[in-house]
Amino acid sequence: SSVTRPDGPTALILSRQNLAVIDTCSAEEKRAGTLKGGYVAKKEEGELEGILIGVGSELELAINAAKELGKGWRVVSMPCVEAFERQSAEYIESVLPKAMKAKTTAAEAGYTAAWYKYADKVLGVDSFGLSAPGDEVFEAKGLTVPAMVALAK
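Residues numbered from 1 in each chain as written. Predicted model: local features only at pLDDT ≥ 70, side-chain atom pairs only at ≥ 80, totals over all residues. Heavy atoms only, no water.

## What about the overall build of the protein chain?
Looking only at helices and strands, one finds 6 helices and 5 strands in the protein chain. For the protein chain, the sequential pattern of α-helices and β-strands runs α-β-β-α-β-α-α-β-β-α-α. Against the 2.2 N^0.38 benchmark of 15 Å for 153 residues, the protein chain shows a C-alpha radius of gyration of 15 Å, consistent with a compact globule. Expressed along its principal axes, the backbone C-alpha trace of the protein chain runs to roughly 40 × 40 × 30 Å. The buried share among the 153 residues of the protein chain stands at 41%. Long-range contacts, defined here as pairs at least 24 residues apart, represent 58% of the contacts in the protein chain between residues at least 6 apart. For the protein chain, the distance from the average site of its 18 positive side-chain charges to the average site of its 21 negative ones is 3 Å. (Helix = DSSP H or I, 4+ residues; strand = E, 2+ residues; numbered from the N terminus. Rg over C-alpha atoms; globule rule 2.2 N^0.38 Å. Buried < 20%, exposed > 50% of the residue type's maximum accessible area, 1.4 Å probe, protein only. Contact = heavy atoms within 4.5 Å. Lys, Arg positive; Asp, Glu negative; His and termini not counted. Charge placed at Lys NZ, Arg CZ, Asp CG, Glu CD.)

Structural data, given as structure tokens:
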């Protein structure tokens, strides 16, 4: 949405990390969902047990944690909170049901406080000063699949 927004500041944030291609939904679904600021990147199979939110490079972490947690876990990609919050109440509820907030966990390698609006649990890093390849930083700071699984349970 930053490419088409004519009325405010925008940014394109790219990664140098070697990230996996997320194939849990179609390219069309990813594009449409990204333009809405957030979307279901991996739908639960059966009854919804919990939700994991991934932001950027943390999406791969959330997808892999959901695989370990089981078929009832949904993964939401949230590339732009501001765009997501401009969507209809019905759309927002379809992606992040309010009744599931207590069973929602977010992962954020940056500032975590804002995620408590959507998730009762947040795995993240609120400190700076470590410079290394992304996977090494994630490991050193505890942004790992086992840590996300343990927090989400």
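Moving on from the model shown.
## Digging into helix H2 (residues 58–69)
Helix length check: H2 (12 residues) gives 16 Å between terminal C-alpha atoms against 16 Å at 1.5 Å per residue, within 8%. Among all positions in H2, only Glu 58, Leu 59, Leu 61, Ala 62, Ile 63, Ala 65, Ala 66 and Leu 69 are buried. Looking one or two residues past H2, Gly 70 carries a phi angle of roughly 125°, positive in sign. (Expected span 1.5 Å × (residues − 1).)

## Brief notes about the sheet that holds strand S3 (residues 73–77)
Across the sheet, 5 strands lie side by side as S1-S3-S2-S4-S5; this open sheet has mixed pairing. Lying at the two open borders of the sheet, with one neighbouring strand each, are strand S1 (39–42) and strand S5 (121–124). The sheet shows a mean angle of 30° between the axes of neighbouring strands, direction not considered. As defined by bridge partners, strand S2 (residues 50–54) adjoins S3 across 5 bridges and the pair is classed as parallel. Each bridged residue has a counterpart across the sheet, and for Leu 52 the counterpart in S3 is Val 75. Against the sheet, helix H6 (residues 145–152) contacts S2, S3, strand S4 (104–108) and S5, and its axis sits at roughly 165° relative to S5. (Pairing = 2+ DSSP bridges. Axes fitted to C-alpha atoms, helices over the stretch in contact; angles between N-to-C directions.)

## Remarks on the nonpolar core
Residues Leu 52, Ile 53, Val 75, Leu 96, Trp 115 and Met 148 are the most contacted members of the largest nonpolar core, which totals 39 residues. A total of 7 residues in this core trace back to one element, the largest contributor, which is H2. Contact partners of Trp 115, with chain neighbours within four places excluded, come to Ile 53, Val 55, Met 78, Val 81, Ala 106, Glu 108 and Val 122. (Core = buried A, V, L, I, M, F, W, Y, C linked by side-chain atoms within 4.5 Å.)

From the geometry alone we can't say anything about function, so treat these as descriptive.
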